[in-house]
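So you can see what is in the structure, the chains are spelled out below.
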Amino acid sequence: MTIFLACCAWVMTIGACVSAILSIEKASDRIKTLHQIPCSGCAFFTNDYRLKCTVNPINACTEAAIGCRDFEPRTQPCHACRQCQHKFE
Ligand code: SF4
């Protein structure tokens, strides 16, 4: 009986470790996918939760924005950043 319980404990321990490793891999893949969303570096991104993008507001900041054909690299700070700069000038 003792050997059976010891085997059960090891099986449960190994199962927990495998589950933790799989969860970490899954989270890592998810984070890599989210880092591919280009909106934060796009000229059309407003940084305003009411209208995140003036071109594709539905797709902005979602996985649908990965590979967006309307992506335009931002050359100036966002509108909200410019407003903050005016306050401190
Ligand atoms: S144009 Fe495309 S990449 Fe740019 S903010 Fe809108 S959805 Fe994102």
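The numbering scheme is per chain: residues are counted from 1 as the chain's sequence reads. A pLDDT threshold of at least 70 governs which residues receive local features in this predicted model, and a stricter bar of 80 or more applies before side-chain atom pairs are shown or counted, although totals over entire chains, interfaces and linings include all residues. Remark: hydrogens and water are excluded; side-chain values derive from all non-hydrogen atoms of the structure.

**Looking at the overall build of the protein chain**
How we decide: The helix and strand labels rest on DSSP assignments: H or I over at least four residues marks a helix, E over at least two residues marks a strand, and numbering proceeds from the N terminus. Here's how the labels work: a residue is buried when its accessible area is under 20% of the maximum for its type, exposed when over 50%, partly exposed in between, all with a 1.4 Å probe on protein chains only. Every residue pair with non-hydrogen atoms within 4.5 Å of one another is taken to be in contact. Surface accessibility follows the Shrake-Rupley procedure with a 1.4 Å probe radius. Residue values consider only the protein chains on display as shielding.
Scanning the protein chain from terminus to terminus reveals two helices and zero strands. For the protein chain, buried positions account for 10% of its 89 residues. Here the contacts in the protein chain between residues at least 6 apart in sequence split such that 57% fall between residues at least 24 apart. Only carbon and sulfur atoms are counted for the fraction: they give 64% of the accessible area of the protein chain, which is about 7,400 Å².

**Focus on the UniProt feature "signal peptide" (unreviewed entry) in the protein chain**
For clarity, the threshold we go by: UniProt positions are given in the numbering used here, feature names are shortened, and annotations may be inferred rather than shown by experiment.
UniProt records the feature "signal peptide" (unreviewed entry) for residues 1-20 in the present numbering. With 95% helix and 0% strand, residues 1-20 has its two end C-alpha atoms placed 29 Å apart.

**Here's the deal with the side chain of Thr 46**
By secondary structure assignment, the location of Thr 46 is in the loop between α1 (2-34) and α2 (79-88). Residue class for Thr 46 comes out buried when judged on its relative accessible area of 19%. Apart from the residues within four sequence positions on either side, Thr 46 is in contact with Leu 51, Lys 52, Cys 53 and Thr 54.

**Re the nonpolar core**
Convention followed: Throughout, nonpolar core names a set of buried Ala, Val, Leu, Ile, Met, Phe, Trp, Tyr and Cys residues whose side chains join them through atoms within 4.5 Å.
Within the largest apolar cluster, seven residues are counted, these being Ile 37, Cys 39, Cys 42, Phe 45, Cys 53, Ala 60 and Ala 65. Setting aside chain neighbours within four positions, we find Cys 42 in contact with Asp 70, Phe 71, Glu 72 and Arg 74.

**Focus: unusual backbone geometry**
In this structure, Asn 47 takes a positive phi of about 60° despite not being glycine. On the secondary structure map, Asn 47 appears in the loop between α1 and α2. Residue Asn 47 is classed as partly exposed on the basis of its relative accessible area, which comes to 47%. Its identity is not glycine, yet Cys 61 carries a phi of approximately 60°, on the positive side.

**Remarks on a nonpolar patch on the surface**
Stated precisely, the cut-off is as follows: To count toward a patch, a residue needs a relative accessible area over 30% and no salt bridge; like charges are then connected within 9 Å, while nonpolar side chains (Val, Leu, Ile, Met, Phe, Trp, Tyr) are connected within 5 Å. Within this document, salt bridges are pairs made up of a side-chain nitrogen of Lys or Arg and a carboxyl oxygen of Asp or Glu, the two lying within 4 Å of each other.
Judged by side-chain polarity, Trp 10, Ile 14, Val 18 and Leu 22 come together as a nonpolar surface patch covering roughly 440 Å² of accessible area. Val 18 gets classed as partly exposed once you look at its relative accessible area, which sits at 43%.

**As for the environment of Phe 45**
With respect to the element layout, Phe 45 can be found in the loop between α1 and α2. Owing to a relative accessible area of 16%, Phe 45 belongs among the buried residues under this scheme. Along the sequence, Phe 45 and Glu 72 sit 27 residues apart, while their C-alpha atoms lie 9.4 Å from each other. Every residue in contact with Phe 45, bar those within four places of it in the chain, is listed here: Cys 39, Ser 40, Lys 52 and Cys 61.

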